[in-house]
Amino acid sequence: MTLVYFPPSKLQQQQQPSRSSRLAQQLAQSSWQLALRFGKRTTIHGLDRLLSAKASRWERFVWLCTFVSAFLGAVYVCLILSARYNAAHFQTVVDSTRFPVYRIPFPVITICNRNRLNWQRLAEAKSRFLANGSNSAQQELFELIVGTYDDAYFGHFQSFERLRNQPTELLNYVNFSQVVDFMTWRCNELLAECLWRHHAYDCCEIFSKRRSKNGLCWAFNSLETEEGRRMQLLDPMWPWRTGSAGPMSALSVRVLIQPAKHWPGHRETNAMKGIDVMVTEPFVWHNNPFFVAANTETTMEIEPVIYFYDNDTRGVRSDQRQCVFDDEHNSKDFKSLQGYVYMIENCQSECHQEYLVRYCNCTMDLLFPPGQYRSCRAQDLLCLAEHNDLLIYSHNPGEKEFVRNQFQGMSCKCFRNCYSLNYISDVRPAFLPPDVYANNSYVDLDVHFRFETIMVYRTSLVFGWVDLMVSFGGIAGLFLGCSLISGMELAYFLCIEVPAFGLDGLRRRWKARRQMDLGVTVPTPTLNFQQTTPSQLMENYIMQLKAEKAQQQKANFQNWHRITFAQKHVIGK
């Protein structure tokens, strides 16, 4: 018996949907079912009604407009809050009015004689530093160069002008920094009668010789010298502190002037005698000193003030907050002397040294700590005098619009350190009558705190990242009625459930194709309507679609079989 088969017509083939359209329909149906499943359990207000299975089109349209408007409003307000946060406005408040002074170290007191050298050691210096067989011309040149060092300090190099037209290159082999170090005032020649909190000390035990931009000086309570660091190892309370205030409550010292041992050029010109006193916090290289005239009884009252930025400001750039933390080594605004922590004074000192190197290709090692730059020799000193007008003035960046500057000067971009201990000093000299000091010229110096407590000011962000997070949460609750947990629900749905659903569909499709290739008949699964979890409902829905499709194909085959034999087609045996 022969069975004749009539294939479907071209019209029937064209009416059947293509594979791509079937995939698009399946993807749309799956996406909609996923959205319905998320809408049933989300805590975001409005989405449950928008994605409700019972909602009509008009109801969905109304809730869609409401949700979109609320979402756009939340985004707009969040952008305003982000702009306020990025603006980084600061506020400074009083953190404490009763901070005790014993919580901070007593300042470093650096004392320099205005006449830097003891001229009585000149003959010994000649025999020590000049080469054997030096003629009288070289000795006179040596004396002239040493005399120019007597009152030289940074920005005051005009004394080197006396070396013009002099053969200074003949003495390039002489290290005049060592000459000055040899001829400078020794501790017992400059300091006497030292008292600390009414207790007498040997001045040479608590003072140490150090460099500064004023030359070689003697410093109390310092950590910049080897002696000071050794003192810290021997005494755990060094640098010393005091908890009291008022006259004679801290440091008292007599500074000897000894005008008879000064450079003859200053004795002849009757230059003003006295000392320079510099008050700095620890680890600061230099600060502008106070001049104290000779034959005075001088009181120096110090009032410390602390300014600091809290840790929340570290998230702001240093140029935006106008200060630098001492551990921000990667900041483009970090500049300091080699081996020193960041301080605005150290930044300015390094900037000044860079200008020295720029103009004269050397540095005055007496004025700066040992570093990477070449020290100036005798023939370089005249260059310092020629550029003194450029080194005496210093300008701040940005002041051109407000200040009329007659000279070029130096421009140093240095921000304050974010923790700053400032010592506000009030100097009160009282001249002594001649019958008191007689033939001895000296300065009685008393340095003490004015009060036993100090003011502490704290700078913080007006709108920090914590405020930003709180504001974002409030805006999300106000406009969308959701919280961080709602965001986690959405993230979990998008990142976990949607990929899992897609992978599961691909796995089923691959398994079905493999079974078709092997010729295995897959039984139609039975639907279980008691399962109520969202994932099971989606699986049941897909399985039900497959079962309905199989039944439809079976019915089509039976109809074709019946019609074929009813029309009496030929069957041959």
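Rules used throughout
- Note on numbering: residues in each chain are counted from 1, in written sequence order.
- Selection of residues for local features in this predicted model requires a pLDDT of at least 70, selection of side-chain atom pairs for listing and counting requires 80 or more, and totals for whole chains, interfaces and linings are taken over all residues.
- To obtain the side-chain values, all non-hydrogen atoms of the structure were used and water was disregarded.
- UniProt positions are given in the numbering used here, feature names are shortened, and annotations may be inferred rather than shown by experiment.
- Put simply, a salt bridge is a Lys or Arg side-chain nitrogen that is within 4 Å of an Asp or Glu carboxyl oxygen.
- Here a helix means four or more residues in a row that DSSP labels H or I, a strand means two or more in a row labelled E, and each is numbered from the N terminus.
- Note on classification: 1.4 Å probe, protein chains only; a residue is buried when its accessible area is under 20% of the maximum for its type, exposed when over 50%, partly exposed between these limits.
- Note on pairing: DSSP must find at least two bridges between two strands before they are called paired.
- Working convention: axes come from line fits to C-alpha atoms, limited for helices to the stretch in contact. Angles between N-to-C directions cover 0 to 180 degrees.
- In summary, the charge assignment counts Lys and Arg as positive and Asp and Glu as negative, without counting His or the chain termini.
- Counting of polar contacts relies on pairs of N or O atoms within 3.5 Å, with two restrictions inside protein: one atom must be capable of donating a hydrogen and the other of accepting it, and residues adjacent in sequence are counted only when both atoms are side-chain atoms.
- For the purposes of this section, nonpolar cores are sets of buried Ala, Val, Leu, Ile, Met, Phe, Trp, Tyr and Cys residues that join through side-chain atoms within 4.5 Å.
- The contact criterion used is simple: two residues touch if any of their non-hydrogen atoms lie within 4.5 Å.
- Put simply, a disulfide is two cysteine sulfurs that come within 2.5 Å.
- Stacked, tilted and edge-to-face pairs are distinguished by plane angle, under 30 degrees for stacked and over 60 for edge-to-face with tilted covering the rest, among Phe, Tyr and Trp rings (Trp via its six-membered ring) whose centres lie within 6.5 Å.
- If you view the pair so one helix is near and one far, a crossing is left-handed when the near helix is turned anticlockwise from the far one by less than a right angle, and right-handed when it is turned clockwise.
- Here the term charged refers only to Asp, Glu, Lys and Arg, the term nonpolar to Ala, Val, Leu, Ile, Met, Phe, Trp, Tyr, Cys and Pro, and the term polar to all other amino acids, Gly among them.

Per an unreviewed UniProt entry, the protein carries the name Pickpocket 7 and comes from Drosophila melanogaster. Word for word, the UniProt comment on the protein under Subcellular location (unreviewed entry) is "Membrane". UniProt lists a comment for the protein under the heading Sequence similarities (unreviewed entry), and it reads "Belongs to the amiloride-sensitive sodium channel (TC 1.A.6) family."

**Student:** Would you take a moment to explain the pattern of salt bridges for this structure?
**Tutor:** Oppositely charged side chains can pair when the atoms bearing their charge come close. By the definition in use, this model includes 23 salt bridges. Measuring nitrogen to oxygen at the nearest pair gives 2.8 Å for the salt bridge that ties Asp 444 to Arg 254. Here the residue Asp 444 occupies a position in strand β16 (residues 442-449), and Arg 254 occupies one in strand β7 (residues 251-256), the gap between them amounting to 190 residues. No difference in accessibility class separates Asp 444 from Arg 254, as the two residues are buried. Lys 413 is paired through a salt bridge with Asp 333; the nearest N and O atoms lie 3.7 Å apart. With Lys 413 in the loop between β13 (410-411) and β14 (416-417) and Asp 333 in the loop between β11 (323-324) and α13 (344-360), this residue pair connects regions lying 80 residues apart in the sequence. Linked through salt bridges whose partners overlap, the residues forming this network are Glu 301, Glu 303, Asp 426, Arg 428 and Arg 450.

**Student:** Would you mind going over the sheet that holds strand β9 (residues 290-293) with me for this structure?
**Tutor:** Sheets are built from strands paired through backbone hydrogen bonds, the pairs being either parallel or antiparallel. An order of β5-β6-β2-β8-β9 is seen for the 5 strands of this open sheet, with the pairing classed as antiparallel. Two strands bound the open sheet, and with one partner strand each, they are β5 (207-212) and β9. In this sheet, neighbouring strand axes are inclined to one another by 35° on average, regardless of whether the strands run parallel or antiparallel. Here strand β2 (residues 108-113) pairs with strand β8 (residues 274-280) via 6 bridges, running antiparallel. Its bridge partner lying in β8, Asn 113 is registered against Ile 275.

**Student:** Explain the side chain of Lys 273 here, please?
**Tutor:** With respect to the secondary-structure elements, Lys 273 resides in the loop between α11 (264-269) and β8. This buried residue, Lys 273, is left without a salt bridge; Asp 150 holds the nearest opposite charge, at 7.1 Å. At a separation of 3.1 Å, a polar atom in the side chain of Lys 273 contacts the side chain of His 262.

**Student:** So what exactly am I meant to see when it comes to the nonpolar core here?
**Tutor:** Here is a general trend for soluble globular proteins: nonpolar side chains tend to be buried in one another's company. Phe 142, Phe 160 and Phe 176 are the most contacted members of the largest nonpolar core, which totals 54 residues. Sort the elements by how many residues they give to this core and α13 lands first, with 7 residues. Phe 142 has contacts with Leu 122, Ala 125, Lys 126, Phe 129, Leu 130, Leu 171, Val 174, Phe 176 and Val 179, leaving out every residue within four places of it along the chain. Core analysis: the next-biggest nonpolar cluster, separate from the first, contains 42 residues, Val 253, Ile 257, Ile 275 and Tyr 423 among them.

**Student:** Whenever I open this one, the state of the cysteines confuses me. Can you help?
**Tutor:** Counted under the stated rule, the structure contains 8 disulfides. Cys 347 shares a disulfide with Cys 414; S-S distance 2.1 Å. Judged by the sign of its S-S torsion, about -80°, the cystine formed by Cys 347 and Cys 414 is left-handed. In this pair, Cys 347 is assigned in helix α13 and Cys 414 in the loop between β13 and β14, connecting sequence segments 67 residues apart. The two residues Cys 347 and Cys 414 agree in class, both being buried. A sulfur-sulfur distance of 2.0 Å marks the disulfide that ties Cys 362 to Cys 376. Every disulfide takes its handedness from the sign of the S-S torsion; for Cys 362 and Cys 376 that torsion is 85°, giving right-handed. Of this pair, Cys 362 sits in the loop between α13 and α14 (381-386) while Cys 376 is found in the loop between α13 and α14, placing the two residues 14 residues apart along the sequence.

**Student:** How should I be thinking about the UniProt feature "transmembrane region" (unreviewed entry) in the protein in this particular structure?
**Tutor:** In the numbering adopted here, UniProt assigns the feature "transmembrane region" (unreviewed entry) to residues 61-81, 460-481 and 487-506. Regarding residues 460-481, the helix share stands at 68% and the strand share at 9%, and the terminal C-alpha atoms are separated by 32 Å.

**Student:** Is there a simple way to think about the packing of aromatic side chains in this case?
**Tutor:** Aromatic ring pairs are reported here in terms of the distance separating the ring centres and the angle at which the planes meet. One pass over the structure, following the stated rule, counts 24 aromatic pairs. Note on Phe 154 and Phe 157: the rings are 6.0 Å apart at their centroids and 80° apart in plane angle, and the pair reads as edge-to-face. With respect to class, Phe 154 is no different from Phe 157; both count as buried. Where Phe 220 meets Trp 238, the ring centres are 6.1 Å apart and the plane angle is 80°; that geometry is what we call edge-to-face. Taken together, the residues Phe 220 in strand β6 (residues 215-220) and Trp 238 in the loop between α10 (226-234) and β7 connect sequence positions 18 residues apart. Across this residue pair, the class does not change: Phe 220 and Trp 238 are buried.

**Student:** Where do I start with the packing of helix α5 (residues 122-129) against helix α7 (residues 176-183) in this structure?
**Tutor:** For any two helices packed against each other, one specifies the crossing angle of their axes together with the interaxial distance. For the pair α5 and α7, interaxial distance at closest approach is 10 Å and the crossing angle is 145°. Every pair of crossing elements has a handedness; the one defined by α5 and α7 is right-handed. Counting all contacts with α5, which are made through Leu 122, Glu 124, Ala 125, Arg 128 and Phe 129, the residues of α7 involved are Gln 178, Val 179, Phe 182 and Met 183. Considering only residue class, the contact of α5 with α7 consists of 6 nonpolar, 1 polar and 2 charged.

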